Amino acid sequence: MSPQRQARAVRLGPRSLAALVLVSAVGVAGFGWPFLAPPDSRLGAHAQDAPWLFAGLLVLLVAVVGAAISESGLGPKAVAMLGVLAAAGAALRPIGAGTAGIEPMFFLMVLSGRVLGPGFGFVLGSVTMFASALLTGGVGPWLPFQMLAMGWFAMAAGLLPGPDRLRGRAELALLAAYGFLAAFAYGTVMNLAGWPFMNALASNVAFDPHAGVASNLARFVAYCLATSLGWDLGRALVTVVLTLTLGPAVLRALRRATRRAAFETPVTFDRPEEKPGSEAPHMTRVTYEAGP
C-alpha cells in the first residue's frame, strides 16, 4: 500500500513563487551587499544608511509575499493554524532570551515547516518573528531581516526530502541535522544584517567599505567567531535536543491536526430540500469533494 500524500496548508501557485523569488533575491542583496558592491561604489560610502534602506524595502516585499500566498489558498483553517503556531513560537522565544542562544522556537519552526509545507512555513516564520518582536519590544531595523531569515529557515524545512514516506528515526535525524545547520545559517545571515553598522576604525573585524571582498570576508569570519559562535552553537544544540526528544510527539500532533483540518478538501453545501406541506426545510447536507 503506497503512503498517503501529506496535505499542505498552502499550495504555492505561479504568482506566489514569483513573489518568493523576488523577495529572496532582494533579501540576498540586502544581506550580502557588503560583498556584492565594489570598493569604489557609491553604496560603500553609505554603509550606515544601506541597512535601513534594505530594511524598508524588505518590509514591503514580505508583505507582498504574504498577500500572494494568501491569495493562492490560505483559507480560514490555515489562518487558524497559523495563529496558534505563531502564538506558540512567539511565546517560546523569550524563554531563553539573552541566555547562550537557548531559543526553543527554532525547533517548532522546523517541524511546522516540515509538516505544513514550504509556503505555510515561510508565512509562519515571518509572522512568528513579527509577533515575538512586538511581545519582547524587539522592533528595529533588524526586524525585517529576522522575518525574512526565519521565513527562509521554516520554508526550507518544508522542502526537505521524503515528506510522504520518511518517518521515524530517519526523519528525526534529518530534521535534527537540518535544524543544527540552519541555526548556524540563521545566525550568520543575521550577522550580515548588523555587521555593516560597526565603525571600521573601531575594530579590525568591522566592515571596511574601502577594502576588497577577500579582506572583508576575513573580517566577517573573525567577527562571527568572536561575537556569535557560542550563541549560534547554543541555538543549534537546543534545536537538536528538542527535535530528538519532543519531535515525535509534536510531529504526530501536527499531522493529526492537518488531517482533521482537511486543508485540501473543499466544503460544498447542497441546497436544502423542502417536504411537501412543510414550512421548514430539512437540515443542510454537507458533502466533501476530493481536492486536486
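Scoring rules and cut-offs
- Each chain carries its own residue numbering, running from 1 in the direction its sequence is written.
- Local features in a predicted model are, by the rule used here, given only for residues with pLDDT of at least 70; side-chain atom pairs are given and counted only at 80 or more, and totals for whole chains, interfaces and linings are based on all residues.
- Computation of side-chain values covers all heavy atoms of the structure but excludes hydrogens and water.
- Only buried residues count toward a nonpolar core, which is a set of Ala, Val, Leu, Ile, Met, Phe, Trp, Tyr and Cys residues joined through side-chain atoms within 4.5 Å.
- The classification of residues rests on relative accessible area computed with a 1.4 Å probe and restricted to protein chains. Under 20% of the type maximum is buried, over 50% is exposed, and intermediate values are partly exposed.
- Comment: elements are numbered from the N terminus, with helices defined as DSSP H or I runs of at least four residues and strands as E runs of at least two.
- The contact criterion used is simple: two residues touch if any of their non-hydrogen atoms lie within 4.5 Å.
- Note on aromatic contacts: the rings of Phe and Tyr and the six-membered ring of Trp form a pair at centre separations within 6.5 Å, being stacked when their planes are under 30 degrees apart, edge-to-face when over 60 apart, and tilted otherwise.
- Definition used for salt bridges: Asp or Glu carboxyl oxygen within 4 Å of a side-chain nitrogen of Lys or Arg.

Novice: Would you mind showing me how to read the nonpolar core here?
Specialist: What tends to happen in soluble globular proteins is that the nonpolar side chains get buried as a cluster. One finds Phe31, Leu85, Met109, Leu111, Met150 and Phe153 to be the most contacted residues of the largest nonpolar core, which totals 55 residues. Put simply, the parts of the chain that give this core at least two residues each are α1 (14–36), α3 (76–92), α4 (105–116), α5 (118–136), α6 (143–157), α7 (169–194), α8 (213–227) and α9 (229–261). If one sorts the elements of this core by residue count, α6 sits on top with eleven residues. Among residues more than four places away in sequence, those in contact with Leu85 are Leu108, Ser112, Leu116, Phe120, Leu124, Thr128 and Leu254.

Novice: Would you mind showing me how to read the packing of aromatic side chains here?
Specialist: The description of an aromatic ring pair rests on the distance of the ring centres and on the angle between the ring planes. For the structure on display, the rule yields five aromatic pairs. When the ring of Phe153 is compared with that of Tyr178, the centres are 5.9 Å apart and the planes differ by 35 degrees; the resulting orientation is tilted. Of this pair, Phe153 sits in helix α6 while Tyr178 sits in helix α7, placing them 25 residues apart in sequence. Like Tyr178, Phe153 is buried. Cluster of aromatic residues (ring-pair linked, three or more members): Phe106, Phe153, Tyr178 and Tyr186.

Novice: Where do I start with the pattern of salt bridges in this structure?
Specialist: Pairs can form between side chains of opposite charge whenever their charged atoms are close. What the rule picks out here adds up to four salt bridges. Its salt-bridge partner being Arg235, residue Glu103 comes within 3.1 Å of it at the nearest N-O pair. Here the residue Glu103 occupies a position in the loop between α3 and α4, and Arg235 occupies one in helix α9, the gap between them amounting to 132 residues. Accessibility classification places Glu103 together with Arg235 in one group, the buried group. Of the charged contacts, one joins Glu171 and Arg114 as a salt bridge, the two residues approaching to 2.9 Å between their closest N and O atoms. Here Arg114 lies in helix α4 and Glu171 lies in helix α7, a separation of 57 residues in the sequence. Judged by its relative accessible area of 2%, Glu171 is buried. Taking the relative accessible area as the measure of exposure, Arg114 reaches 1% and is therefore buried. Each of Glu103, Asp232 and Arg235 takes part in one network of salt bridges that share partners.

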